[in-house]
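Architecture and fold: a report
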Amino acid sequence: MKKNTFVMIDEEGKETTYDVLFTFDSDETKKSYIVYTDNTKDETGNIQVYASIYDPENPNSKFEAITTDKEWKVIETILETLQEEVKKTVTNKNEE
C-alpha cells in the first residue's frame, strides 16, 4: 500500500515528511481539511496529529490555519470516531 505523503519546509529550512491520515470536505463550513502526522509522539506518548484547511484544486497552495473552535470540534469528532473504529477492528481480530 502506497502512503500519501508530503514534505513541508519550516522557516529554518528543515524538511519534514508528513503522512496524510485523511482529507474531507465540510458542508457546514464549505471548506476542505487535511489531517496529517509526522509520526512523532507528544510527552504522553500519543502520536502528534495536525490539521489544516487546504485547497484540493491546487496542490501547491499553502495550508491555512484552523482558527475556530467549531472547526476543531468537527475534526476532533471525526478523529474520535476513527479511533473507535480502529479499536473495534483490533479487538475483533484479537478475538478470532
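Description of the structure in this document. (Residues numbered from 1 in each chain as written. Predicted model: local features only at pLDDT ≥ 70, side-chain atom pairs only at ≥ 80, totals over all residues. Heavy atoms only, no water.)

1. Quick look at the sheet that holds strand β2 (residues 15-26)
The strand order across the open sheet formed by four strands is β1-β2-β3-β4, and the pairing between neighbours is antiparallel. A strand with exactly one partner marks an edge of an open sheet, and here the two such strands are β1 (5-9) and β4 (50-54). In this sheet, neighbouring strand axes are inclined to one another by 45 degrees on average, regardless of whether the strands run parallel or antiparallel. Both β2 and strand β3 (residues 31-37) contribute to a ladder of seven bridges, which runs antiparallel. Bridge assignment links Phe24 to a residue of β3, and that residue is Tyr33. (Pairing = 2+ DSSP bridges. Helix = DSSP H or I, 4+ residues; strand = E, 2+ residues; numbered from the N terminus. Axes fitted to C-alpha atoms, helices over the stretch in contact; angles between N-to-C directions.)

2. Thoughts on the pattern of salt bridges
Enumeration over the complete set of coordinates arrives at three salt bridges. Note that Lys70 and Glu28 form a salt bridge whose closest N and O atoms lie 3.3 Å from each other. One end of the pair, Lys70, is in helix α1 (residues 69-95); the other, Glu28, is in the loop between β2 and β3, with 42 residues separating them in the sequence. Among the salt bridges present, the one from Lys88 reaches Glu85, with a minimum N-O distance of 3.8 Å. With a gap of three residues between them, Lys88 and Glu85 both fall in helix α1, about one helical turn apart. Here Lys88 falls in the partly exposed class, since its relative accessible area comes to 48%. By relative accessible area, which is 42% here, Glu85 ends up partly exposed. (Salt bridge = Lys/Arg side-chain N within 4 Å of Asp/Glu carboxyl O. Buried < 20%, exposed > 50% of the residue type's maximum accessible area, 1.4 Å probe, protein only.)

3. Brief notes about unusual backbone geometry
Located in the positive-phi region is Lys30, a residue other than glycine, with phi close to 60 degrees. Position of Lys30 among the secondary structure elements: in the loop between β2 and β3. Residue Lys30 is classed as exposed on the basis of its relative accessible area of 69%. Unlike most non-glycine residues, Asn39 shows phi in positive territory, near 65 degrees. Relative to the assigned elements, Asn39 resides in the loop between β3 and β4. On the accessibility criterion, Asn39 (43% relative accessible area) is partly exposed.

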